[in-house]
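The chain contents come next:
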Amino acid sequence: MTDTKQVVLPVTGMTCANCVATIERNLKKVNGVTTANVNLSSERAVVEFNPQLTDLKSIMARVEKAGYGIATGQAEFYLRDTGDQTDLNRLASKLKEMDGVLDVQTNLVTHRVDIKYIPTLINQSDLRTRIYKSGFSLLETKVEDEDAEQHARQREIQQQLHYLMVGLIFTVPLFIFSMARDFNLLPHQIAHSSWANILMGLLASPVQFYVGWQYYVGAYKAIRNRSANMDVLIALGSSAAYFYSIPIALGILEGHVYFETAAMIITLIKVGKYLEARAKGHTSEAIKKLVSLRPKNAHVLRDGNEIDVPVDEVRVGDIIFVHPGEKIPVDGIVIEGHSTVDEAMLTGESMPVDKAIGSNVFGATINKMGFLKVEATKVGKDTALAQIIRLVEEAQGSKAPIQKIADQVSAVFVPIVILIALITFLIWFFIVPNFHPGMSEILSTAIIRMVAVLVIACPCAMGLATPTAVMVGTGRGAELGILIKSGEALERAGKATTIVFDKTGTITKGQPKVTDVIVLNPEMDENRILQLCGSLEKGSEHPLGEAIVAEATERSLSLINPDRFNAIAGVGVEGEVDGFYIIIANRLGVQISDSEIHQYQSIIDQLEQEAKTVVYVNINGKLHAIFAIADTIKPNAEKTVTELKKMGLKVAMITGDNQKVASVIANKIGIDFVFAEILPGEKAAQVKALQEKGEIVGMVGDGVNDAPALAQADVGIAIGSGTDVAIAAAPIVLIREDISSVVTAIRLSRKTLQTIKQNLFWAFFYNIILIPAAALGYLNPMLAAGAMAFSSVFVVSNSLRLRKIPLN
Amino acid sequence: MNTVTYHIPNISCHHCVHTIQSELSEVPGVKSVEADVATKTAKIVFDAPADETVIKKVLAEINYPAAD
């Protein structure tokens, strides 16, 4: 068979004709690809391949490896009702079968289905059709409408409440009547009249078929798709009790009716569902808070006038006025005015940030003091806030690997429970010694114990254990400026054993700074020397030169243009400023005799001991000063390392710098393991070496330069990306520059993982203990229904604790 | 250890840099490749079995011939 398949892929990132050739060459290297044609202007790649030798995934991977991207579409749907985790898994696998669907995330809690797809291969209506065919219905929403989830949630709560009320109206009298009769509180003629049982049946019927109808529908859908879910258990359990009672009520069979049991099962589970729906609402509170931050209006300059427009109508390039106390409507750059801006809502940083001309500002942050004129640079979906919301939503829909256990168990759980229930029935009916007075007693005992087994088994607690915790955990993270992009990242960060920090830009500021100025000649004072040196270095692009300019500027020294400037690579600079001939260089280039420099050897040694770079200043042939320049350590570095070590983590530092500089910095802040002189390309290999020793590595870096190492690590943490969250190629992004966020991120991940484990333990343990209890007859079916309802509520509430748990 | 710097006029964007780096790194013996958009140059550090002929051949193959 030589069947070939053709796909059209939308390629992104092509800028020139060379790109076309590169992609084509790369594609043809894939075994199985027969032809590849790339078009620069339409940004399409037409690829023909043999599906037996390769697949879409490898083709896409190749394009990505070549440095380009495949444009993917992101569709989000809201399901009208989700059933349980088994149903959702079935839906996901149906969708994944489709060509062009790359990834499907379903969320039991938000009812959301996120589908990543290739728009040239499949479109949203295909996806929609497939969802309907799989037995689900959708809430029709505009893709952009982020309130849809809230409406859906509100509707769910309303609906559950309605069913619950109807259930209560019939069940409460039924229950009272039944109990009163069992305890002989009713007059004999009522309790034993022929119509008493019929009355109970009449009260139970609306509960069974109106309130409980959903369970029948759910059960039918599940069975039709050859799976079984919680609905099946409830429908079976309550139906067994209900239908067994009918012949008794009609006088065909002898015995006791169990209408109240059937009604109580349904109503109690509704109580649980209602509480659960309400509690689930809180799990997405963090996101709601973010969404509610979106500004509504903007004052925009149009035709020379300041007019108010809805924020959706602001275009890139618009000039926006922001008065003191107002929200900045979109992302932009300050073109006039200065102020301080509260960015806590995005970064979690409570200190307001100074803004002046040229500063970037972000939508939804609050202008505290001055008037600002801002040019819009990002609007709509591109703003930092919109990106953060999207990332958090995606994370909340993603699965943590630990959930696989729950998924595997729940897939076989329901059939096994039905089997156990049947065995229970058979044993109580046939095997248990017959000491009951009548046949009907034996039958009812057997049926009621079977019903108890059916309703005590609760797969929904298992299904909710992980996603609720992931939702609350990631939401809490977002509030603190910690973006955790997936459940997997959360789990891995919680399990990390070693944290590796990149040095430059992560532990240190990454900008060399003049730390010492030692004046050696009384002819000139410190500031005059800095002024001259700063002036000379004005045009320098060397980091050391920039440090000198920065120091001079910081001291508000006015810089003059040098008359002559010459950079000597690897040595320093020389030139003329204000009539002075100046050399700023290392020892080799400074043109001062060794014997003169020797006088200051102890100072120089001391500075070098501190891993500072020593720079010599020769003015008119005389040594005038020594500058010591070093990268400075970020404020919270030491505290962060101490905290991490206290949490039982090993802390390491990786750097391209030499051993001496590295160990000085490591010693200063208490890092035990140092990997120095590691070339940028080798950082990933170093991380891998640690992993081979069995460490679970969290790598902290700047997210751009350290991307390969971050990707190699079990969990990459990009720090200080600011609000440009999307570009950072790491599963965890710390918006704040503050390194201590690492501690918070790890703590949050650990707590979340712990919560997931508690939830799973509770869900499993509960079933393992209570199913046998029910089978042995120690549990009344009504109690069983109550206990089952409680287990889900417990799991959701336990996850909600993460909202408040202390992390400092 | 040998170092050569070639002028490569075809370099026009960062993708070109990426392509040159990734393709040349696959050549046995090549230790490091640094290409630069601004100067349109690539600095290659290599050892045997790589040599200038092989490197130039690869560059020509991927449509980034070195200028003489």
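The sections below set out a description of the structure shown in this document. (Residues numbered from 1 in each chain as written. Chains lettered and ligands numbered in written order. Predicted model: local features only at pLDDT ≥ 70, side-chain atom pairs only at ≥ 80, totals over all residues. Heavy atoms only, no water.)

Things to note about the pairing of strand 25 (residues 622-633) of chain A
All names here are of chain A. Selection rule: A simple rule labels every residue: compare its accessible area, found with a 1.4 Å probe on the protein chains alone, to the largest value its type can have, and call it buried under 20%, exposed over 50%, or partly exposed in between. A run of H or I in DSSP becomes a helix once it reaches four residues, and a run of E becomes a strand once it reaches two; helices and strands are each numbered from the N terminus. Two strands pair under a simple rule: DSSP has to find at least two bridges between them.
Counting buried positions along strand 25 gives nine out of twelve residues, so the element sits mostly inside the fold. Examined bridge by bridge, strand 20 (residues 508-519) and strand 25 share eight bridges and lie antiparallel to one another. Of the residues in strand 25, the one forming a bridge with V514 is I629. Bridge count between strand 24 (residues 613-619) and strand 25: seven bridges; the pairing is antiparallel. Among the inter-strand pairings, V615 is bridged to a residue of strand 25, identified as F627. Where strand 24 hands over to strand 25, the hairpin turn is made up of two residues, of which N620 adopts a positive phi near 50 degrees.

Examining the side chain of S740(A)
Residues and elements named next belong to chain A. Short version of the rule: We call two residues in contact whenever any of their non-hydrogen atoms come within 4.5 Å of each other.
Tracing the chain through its elements places S740 in the loop between strand 30 (732-734) and helix 27 (741-775). When its relative accessible area of 15% is taken as the criterion, S740 is described as buried. Among residues more than four places away in sequence, those in contact with S740 are N636 and T640.

Things to note about the nonpolar core
Our working definition: What we call a nonpolar core is a set of buried Ala, Val, Leu, Ile, Met, Phe, Trp, Tyr and Cys residues that are connected through their side-chain atoms within 4.5 Å.
I115(A), L127(A) and L644(A) are the most contacted members of the largest nonpolar core, which has 143 residues in total. Tallying contributions element by element places helix 27 of chain A first for this core, with 15 residues. Look past the residues within four positions of L127(A) in its chain and what remains in contact with it is A75(A), F77(A), L95(A), M98(A), V101(A), I115(A), Y117(A) and I122(A). V47(A), I11(B), I44(B) and I55(B) belong to the second largest nonpolar core, which has 46 residues in total.

A few points about the interface of chain B and chain A
Selection criterion: As a working definition, buried area equals the accessible area (1.4 Å probe) given up by two parts on being put together, with both sides summed. The working definition used for a salt bridge is a side-chain nitrogen of Lys or Arg within 4 Å of a carboxyl oxygen of Asp or Glu. Pairing of N or O atoms within 3.5 Å defines a polar contact, subject to two protein rules: one partner must be a possible hydrogen donor and the other a possible acceptor, and residues neighboring in sequence count only if both atoms are side-chain atoms. Basically, the charged four are Asp, Glu, Lys and Arg, the nonpolar ten are Ala, Val, Leu, Ile, Met, Phe, Trp, Tyr, Cys and Pro, and anything else, Gly included, counts as polar.
Chain B puts 13 residues into the contact, and the matching count from chain A is 13 residues. Summing both partners gives a buried area of about 900 Å² for chain B against chain A, and 38% of it is carried by carbon and sulfur. Joining chain B to chain A, the criterion identifies two salt bridges. A salt bridge links K29(A) to E23(B); the shortest N-O distance between them is 3.3 Å. Here chain B and chain A share two residue pairs in polar contact (both at pLDDT 80 or more) between them. Of the residues forming the side of chain B that touches chain A, the biggest block, five residues, is contributed by helix 1 (residues 14-25) of chain B. Here the residues of the side of chain B that touches chain A are counted per class, giving four nonpolar, six polar and three charged.

Topic: the pattern of salt bridges
All names here are of chain A. Within the structure shown, the criterion is met by 29 salt bridges over all chains. In this structure, the salt-bridge partner of K5 is D99, at a minimum N-O distance of 2.9 Å. Placement of K5 in strand 1 (residues 5-12) and of D99 in the loop between helix 3 (85-96) and strand 6 (101-107) is noted, with a sequence separation of 94 residues between them. For D99, a relative accessible area of 47% corresponds to the partly exposed category.

Quick notes on the packing of aromatic side chains
Two measures describe an aromatic ring pair: the distance that separates the ring centres and the angle between the ring planes. Residues and elements named next belong to chain A. What counts here: Think of it this way: a Phe, Tyr or Trp ring, Trp meaning its six-membered ring, pairs with another when their centres are within 6.5 Å, and the plane angle makes it stacked under 30 degrees, edge-to-face over 60, tilted otherwise.
Under the counting rule described, the total for this entry stands at 16 aromatic pairs over all chains. Between F209 and Y216 the ring centres are 6.1 Å apart and the planes differ by 15 degrees, which places this aromatic pair in the stacked class. Look at F209 and you get partly exposed, because its relative accessible area is 33%. Here the aromatic rings of Y242 and F243 are separated by 5.2 Å at their centres, their planes lie at 90 degrees, and the arrangement is edge-to-face. Taking relative accessible area as the criterion, Y242 reaches 5% and is therefore assigned buried.

What about the sheet that holds strand 9 (residues 297-302) of chain A?
All names here are of chain A. The strand order 10-9-11-17-12-15 describes an open sheet built from six strands, whose pairing is antiparallel. Looking at strand neighbours, the two that pair on one side only are strand 10 (305-310) and strand 15 (360-361), the edges of this open sheet. Where strand 9 and strand 10 come together, six bridges link them in antiparallel fashion. Each residue of the ladder has a partner; that of R302, found in strand 10, is N305.

Brief notes about the packing of helix 7 (residues 194-211) of chain A against helix 8 (residues 213-224) of chain A
Residue and element names in this part refer to chain A. Note the threshold: A fitted line through C-alpha atoms represents every axis, and for helices the fit uses only the stretch in contact; the resulting angles, taken between N-to-C directions, go from 0 to 180 degrees. Angles are sorted into four bins: roughly parallel if under 35 degrees, roughly antiparallel if over 145, roughly perpendicular if 65 to 115, and oblique for all others.
Packing of helix 7 against helix 8 leaves a shortest axis separation of 4 Å and a crossing angle of 40 degrees. Comparing the axis directions of helix 7 and helix 8 gives the class oblique. Judged by residue contacts, Q208, F209, Y210 and V211 of helix 7 engage W213, Q214 and Y216 from helix 8. Of the residues assigned to the contact of helix 7 with helix 8, the class counts are five nonpolar, two polar and no charged.

Section: the packing of helix 16 (residues 459-479) of chain A against helix 27 of chain A
Residue and element names in this part refer to chain A. As a reminder of what qualifies: It is the rotation of the near helix from the far one that decides the hand of a crossing: anticlockwise by less than a right angle makes it left-handed, clockwise makes it right-handed.
In the contact formed by helix 16 and helix 27, the axes pass within 9 Å of each other and the chain directions differ by 165 degrees. Between helix 16 and helix 27, the angle falls in the class roughly antiparallel. Note on packing geometry: the crossing formed by helix 16 with helix 27 is right-handed. Residues A461, M462, A465, T466, T468, A469, V470, G473, R476 and G477 of helix 16 touch helix 27, and the partners they reach there are L748, T752, T755, I756, N759, L760, A763, F764 and N767. Of the residues assigned to the contact of helix 16 with helix 27, the class counts are ten nonpolar, eight polar and one charged.

Looking at the sheet that holds strand 2 (residues 33-39) of chain A
Residues and elements named next belong to chain A. On the basis of which strands lie adjacent, the open sheet formed by four strands has the order 2-3-1-4 and antiparallel pairing. Looking at the sheet topology across the chains shown, the edges are occupied by strand 2 and strand 4 (69-70). Sheet topology places strand 1 next to strand 4; two bridges connect them, and they run antiparallel. Bridge pairing links V11 to I70 in strand 4.

A word on unusual backbone geometry
With omega at 10 degrees, the peptide bond leading from A48(B) into P49(B) counts as cis. In this fold, P49(B) is placed in the loop between strand 3 (41-46) and helix 2 (52-61). At Q591(A), a residue that is not glycine, the phi angle is positive and equals roughly 60 degrees. When its relative accessible area of 60% is taken as the criterion, Q591(A) is described as exposed.

Thoughts on the environment of K65(A)
When you line up the elements, K65(A) lands in helix 2 (residues 56-65). Separated by 42 residues in sequence, K65(A) and I23(A) have C-alpha atoms that sit 9.7 Å apart. Excluding residues within four positions of it along the chain, K65(A) makes contact with H18(B) and E26(B).

As for a nonpolar patch on the surface
Defined as follows: Patch definition: residues above 30% relative accessible area lacking any salt bridge, with like charges linked at up to 9 Å and the nonpolar side chains Val, Leu, Ile, Met, Phe, Trp and Tyr linked at up to 5 Å. What sets the accessible areas is the Shrake-Rupley method with a 1.4 Å probe; for residues, cover comes only from the shown protein chains.
Nonpolar side chains collect at one region of the surface, where W195(A), I198(A), L199(A), L202(A), L250(A) and I252(A) lie side by side and expose about 630 Å² of accessible area between them. The residue I198(A) is located in helix 7 in this model.

A few points about helix 24 (residues 659-669) of chain A
All names here are of chain A. All of the buried residues along helix 24 are V661, A662, V664, I665, A666 and I669. Sitting at the amino-terminal end of helix 24 is N658, which places a side-chain oxygen 3.0 Å from the backbone nitrogen of K660. Residue G670 follows helix 24 closely and has a positive phi angle near 90 degrees.

Examining the environment of V651(A)
Residues and elements named next belong to chain A. Secondary-structure assignment places V651 in strand 26 (residues 650-654). Under the relative-accessibility criterion, V651 is labelled buried at 1%. Residues V651 and V641 lie ten residues apart in sequence; the distance between their C-alpha atoms is 6.9 Å.

Some remarks on the environment of V590(A)
Within the secondary structure layout, V590(A) lies in the loop between strand 23 (580-585) and helix 21 (594-598). Note: C-alpha distance between V590(A) and N618(A) (28 residues apart in sequence) is 6.3 Å.

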